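# Coordinate inspection notes
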Amino acid sequence: HAKEQGRNNYQFYNPALNTRTLERVKMENRLRQALERHELVVLYQPQVAMDTGQVTGAEALVYWLHPELGLLSPGHFIPMAEEIGFITDIDEWVLETACAQNKAWQDEGYRSFNVTVNMSSKQFRRPDLVDQVRRVLNATGLPPRFLELEITEGTAMKDIEYTIPSLNTLTGMEVGFAIDDFGTGYSSLSCLKKLPIRKLKIDKSFIFGVNTDPNDKAIVATIIAMAHNLKLEVIAEGVEDADQLEFLHQNHCDQMQGFLYSRPIPAEDFRRLIM
Ligand code: C2E
Ligand code: MG
Ligand code: MG
Ligand code: MG
């Protein structure tokens, strides 16, 4: 601020900066209204078993159908939602929507599979997390074993003594946990061993390099082997081409997710994949 920098240090009015700040505040306020205005939508991206090609899961991803800007992917507003503390409202709504959707598919007679919901650090650390998940499962009627929660390494490792009771309780209810973007954070392997998780999700940055970069090849092969040695399932995200798929197949990865099979799509379109 001009004042803090001393009287003689003259600060010029910067219209560009000011406009950006105003835009930002406007955007934050619009985001807060987005839920009640029904502008948020959940798209689902299929997760597929490598051996059978069957859909084993649907990852719920929240998008913002902005009236002026069109469809915004989560990268455009999730960081902002985290900053303004709105992320827990979003996470709760996505949890409810995704569980209700999965139950609806089951009731329509489709073969059962998991729904996977991303959980921010803030959501994962709320003291009433277990109650909230239990309430949503009861309200929607989805059996807990069909719900999987994705947390990043950072979220999983932060204050592990504080979060492990809710992790244990939810796991005891048969809710599954997956570590998202695995390999990009820094998890200590000794912590990983202590966590009651079901699945590792290899970050897409490693999958992108798998055809060309020997280091990425080594990293992906090592994560798959480690997961299996720890009796965990492993899924690759960001699979875009047949060569990547072939590499994952040769290395016995359990599941894959990526544009090669399908982009995230609306629930109505998902039905075609699970018929
Ligand atoms: P994520 O959980 O790691 O989700 C995977 C991201 O990779 C998604 O981006 C997906 O569209 C994208 N992706 C999937 N397959 C491919 C592929 O083959 N190629 C490429 N290039 N990309 C692929 P998206 O939809 O933009 O989501 C970004 C992130 O936003 C997610 O990363 C997740 O961390 C976060 N997010 C999404 N929905 C929620 C939510 O409801 N709550 C919270 N807290 N975070 C969310
Ligand atoms: Mg995810
Ligand atoms: Mg991921
Ligand atoms: Mg990610």
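Before reading further, recall that the structure is shown in the block above.
Residues numbered from 1 in each chain as written. Chains lettered and ligands numbered in written order. Predicted model: local features only at pLDDT ≥ 70, side-chain atom pairs only at ≥ 80, totals over all residues. Heavy atoms only, no water.

## Quick notes on the packing of aromatic side chains
This is how the line gets drawn: Aromatic pairing here means that ring centres of Phe, Tyr or Trp (its six-membered ring) are within 6.5 Å. Orientation follows from the plane angle: under 30 degrees is stacked, over 60 is edge-to-face, and everything else is tilted. Secondary structure is summarised from DSSP: a helix means a run of H or I of at least four residues, a strand means a run of E of at least two, and numbering begins at the N terminus for each. Categorising residues by exposure relies on relative accessible area from a 1.4 Å probe, with only protein chains included: less than 20% of the type maximum marks a residue as buried, more than 50% marks it as exposed, and the intermediate range marks it as partly exposed. Criterion for a charge above a ring: Lys NZ or Arg CZ within 6 Å of the ring centre, and within 35 degrees of the ring normal.
For the structure shown, the criterion picks out seven aromatic pairs. Residues Trp105 and Phe270 carry aromatic rings whose centres are separated by 4.9 Å and whose planes lie at 25° to one another, so their mutual orientation is stacked. Remark: Phe270 occurs in helix H12 (residues 267-274) and Trp105 occurs in helix H3 (residues 87-107); sequence separation between them is 165 residues. Here Trp105 matches Phe270 in class, with each residue buried. The positively charged end of Arg263 is found above the aromatic ring belonging to Phe259, 3.9 Å away from the centroid.

## Remarks on the coordination of the magnesium ion (ligand 3)
In plain terms, the rule: Think of the donor list as every N, O and S atom within 2.8 Å of the metal, or within 3.2 Å for Na, K and Ca; water never makes the list, so a site can look incomplete.
With distances of 2.1 to 2.5 Å, the protein atoms coordinating the magnesium ion (ligand 3) are Asp180 (OD), Asp181 (OD), Glu237 (OE) and Glu237 (OE). Binding-site remark: the magnesium ion (ligand 3) is held by donors from one chain whose sequence spacing is D-D-x55-E. In this structure the magnesium ion (ligand 2) is found 4.1 Å away from the magnesium ion (ligand 3), and Asp180 serves as a bridging donor for the pair.

## Focus on the coordination of the magnesium ion (ligand 2)
Summarising the metal site, the magnesium ion (ligand 2) is bound by the protein donors Glu59 (OE), Asn118 (OD1), Glu150 (OE) and Asp180 (OD), whose distances to it range over 1.9 to 2.3 Å. The motif formed by the donor residues of the magnesium ion (ligand 2), counted along the single chain, is E-x58-N-x31-E-x29-D. Among the residues examined, Asn118 registers a relative accessible area of 24% and is labelled partly exposed.

## Thoughts on the pairing of strand S7 (residues 199-202)
Put simply, the rule is: Paired strands, as defined in this entry, are two strands with at least two bridges between them according to DSSP. Crossovers are marked right-handed if the path from the first strand over the helix to the second runs clockwise, as seen with the strands pointing away from the viewer.
Burial along S7 is two-sided: the face carrying Lys199 and Lys201 and the face carrying Leu200 and Ile202 are both buried. Alignment of strand S6 (residues 176-182) against S7, held across three bridges, turns out to be parallel. Residue pairing across strands places Ile179 opposite Leu200, the latter belonging to S7. Read as a crossover between parallel neighbours, the route from S6 over helix H8 (residues 189-194) to S7 is right-handed. With four bridges joining them, S7 and strand S8 (residues 233-237) adopt parallel strand pairing. Bridging across to S8, Leu200 finds its partner in Val234.

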